[in-house]
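# Observations on the model geometry
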Amino acid sequence: MPELPEVETIVRGLRATLPGRRILQVHLGKTDFIDEPAALEASLPGSKIVSVKRHGKFIVLDIEPSNEMAQNFSLLVHLGMTGRLVVCSPNVPIAPHTHVFFELDDGRELRYTDPRRFGSIQMLQESARADLLGKLGADPLETTVANFIAVLRNRRARIKALLLDQRVLRGMGNIYTDESLWRARIHPTRIGAELQDAELRRLFRVVQLVLNEAIRLGGSSISDYVNSEGKPGEYQFRHRVYQREGKSCYRCGASIRRVIVAGRSSYFCPRCQRGPRKKAPQ
DNA sequence: CTTACGGCCTGGGTGC
DNA sequence: TGCACCCAGGCCGTAA
């Protein structure tokens, strides 16, 4: 579910309430998506949440342990396709598939809900966290157009696959990739190295535009996504191509098509986004 | 360095 | 009502 704008929205919500809070107790349901559930139960009670950050699609909670001799560590939460992280009163009915409860010292709870359990929760020391996050590419909202072009221009993979690859850029997912390519009028199967500089500059501009606009509207809610207060976003009403197969293009009226690229449904306008040149038969 | 593919899970929608 | 099938904001491991 959640891509950069959804995760950013959740992080901003959590940042308003979590820093400074202590975790009193942890309750776990299913734990197959948690690296070391026993370590969570052992280390978190009594610890303090220092800060909340986003790194790509990861939510990073920096934690000060209750044991003053122990080192600070981080809790990395990835929401996968259907993960939710919500702060609420313990009286709020428990959504199905809620597997983690953090009791907070203000009487509220931080709950993790994830029907498909494609998400993950990891407790990492500084060096392990740096190893993991260091493998990711630049944040598309923080990088420069020069760097954006540099990481794409020599690649033989298709642009859609490159934008989805978290080692190239961190934070894009299926929705915002399609939305950006449509706005930049670039076909999803174009080869990175075959894009002109002007096209890459255009792509960079619309990626930032789309992501910022989506953040402003609180992300896209298709079926599962809600923010940290349990409320849906509104960017789904601004989608121009995503899940619009057979409907007419907002720009030219042609029928939107769906193809599989990099294993994912990819929506594009066959008229506005021209395909790569086909190989001439020998 | 690539791509393709299957797998991880559950639920919702569709068509027979 | 049941059932088979397809689809879903992500990512990992394997094989080629």
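Here the structure is a predicted model, which means the values were calculated and not measured.

Moving on, we get to the sheet that holds strand 2 (residues 48-55). Taken in spatial order, the four strands make up an open sheet running 2-3-4-8, and their pairing is antiparallel. Single-partner strands in this sheet number two, and they are strand 2 and strand 8 (120-125). Averaged over all adjacent pairs, the angle separating strand axes in this sheet is 20 degrees, with direction ignored. Across the sheet, helix 3 (residues 126-134) lies against strand 2, strand 3 (58-64), strand 4 (73-78) and strand 8, angled at about 125 degrees from strand 8, the strand it touches most.

Right, let's get into the environment of F268. Position of F268 among the secondary structure elements: in strand 10 (residues 264-268). Under the relative-accessibility criterion, F268 is labelled buried at 3%. Residues F268 and G233 lie 35 residues apart in sequence; the distance between their C-alpha atoms is 23 Å. Sequence-distant contacts of F268, that is, excluding residues within four places in its chain, are made with H187, P188, V241, I256, R257, V259 and Q273.

Close contacts around DNA strand B come from K30, D32, H97, P115, R116, R117, F118, R155, A157 and R158, and that covers them all. Each atom of DNA strand B within 4 Å of the protein was assigned to sugar, phosphate or base; sugar and phosphate come to 69%. Contact distances for DNA strand B include 3.4 Å between a sugar or linking oxygen and a side-chain N or O atom of R117. Here a phosphate oxygen of DNA strand B sits 2.5 Å away from a polar atom, N or O, in the side chain of R158. Looking at the surface near DNA strand B, its residues break down into three nonpolar, one polar and six charged.

Our focus in this paragraph is the pairing of strand 7 (residues 109-113). Among the five residues of strand 7, five are classified as buried, and the element is accordingly described as predominantly covered. Residues of strand 7 alternate between two faces, with E109, R111 and T113 on one and L110 and Y112 on the opposite face, all of them buried. Pairing of strand 5 (residues 84-88) with strand 7, which is carried by five bridges, proceeds in the antiparallel orientation. Bridging across to strand 7, V86 finds its partner in R111.

Here we take up the packing of helix 1 (residues 4-15) against helix 7 (residues 197-216). Taken N-terminus to C-terminus, the directions of helix 1 and helix 7 make an angle of 40 degrees; their axes are 9 Å apart at the nearest point. Between helix 1 and helix 7, the interaxial angle falls into the category oblique. Two packed elements cross with a definite hand, and for helix 1 against helix 7 that hand is right-handed. Note on element contacts: helix 7 touches helix 1 through L211, A214 and I215, opposite L4, P5, E8, T9 and R12.

What helix 4 (residues 145-152) keeps buried is the set F148, I149 and L152. Burial along helix 4 is one-sided: seen end-on, the buried residues are contained in an arc of 95 degrees. Buried-residue contacts for helix 4 involve helix 5 (159-164) and helix 7.

Below, the discussion takes up the sheet that holds strand 5. Pairing in this open sheet of four strands is antiparallel, and the strands run 1-6-7-5 from one edge to the other. Of all strands in the sheet, those bounded by a partner on one side alone are strand 1 (23-28) and strand 5. Pairwise comparison of adjacent strand axes, ignoring direction, gives a mean angle of 15 degrees for this sheet. Where strand 6 (residues 98-104) and strand 7 come together, five bridges link them in antiparallel fashion.

Let us now look at the side chain of Q236. In this structure, Q236 sits in the loop between helix 7 and strand 9 (257-261). At 2.9 Å, the side chain of Q236 forms a polar contact with the backbone oxygen of G233.

Under the defined criterion, the tally for this structure stands at four aromatic pairs. Aromatic pair Y242 and Y267: ring centres 5.6 Å apart, planes at 80 degrees, arrangement edge-to-face. With Y242 in the loop between helix 7 and strand 9 and Y267 in strand 10, this pair connects stretches of sequence that are 25 residues apart. Comparing Y242 with Y267 shows no difference in burial state: the two are buried. Just above the ring of W182 sits the side chain of R251; from NZ or CZ to the centre is 3.9 Å.

Calculation notes
Residues numbered from 1 in each chain as written. Chains lettered and ligands numbered in written order. Predicted model: local features only at pLDDT ≥ 70, side-chain atom pairs only at ≥ 80, totals over all residues. Heavy atoms only, no water. Pairing = 2+ DSSP bridges. Helix = DSSP H or I, 4+ residues; strand = E, 2+ residues; numbered from the N terminus. Axes fitted to C-alpha atoms, helices over the stretch in contact; angles between N-to-C directions. Contact = heavy atoms within 4.5 Å. Buried < 20%, exposed > 50% of the residue type's maximum accessible area, 1.4 Å probe, protein only. Near = heavy atom within 4 Å. Polar contact = N/O pair within 3.5 Å; in protein donor to acceptor, adjacent residues only side chain to side chain. Nonpolar A, V, L, I, M, F, W, Y, C, P; charged D, E, K, R; others polar. Parallel < 35°, antiparallel > 145°, perpendicular 65-115°, else oblique. Left-handed = near helix turned anticlockwise from the far one by under 90°. Arc of directions from axis to C-beta. Phe/Tyr/Trp six-rings, centres within 6.5 Å; stacked < 30°, edge-to-face > 60°. Lys NZ or Arg CZ within 6 Å of the ring centre and 35° of its normal.

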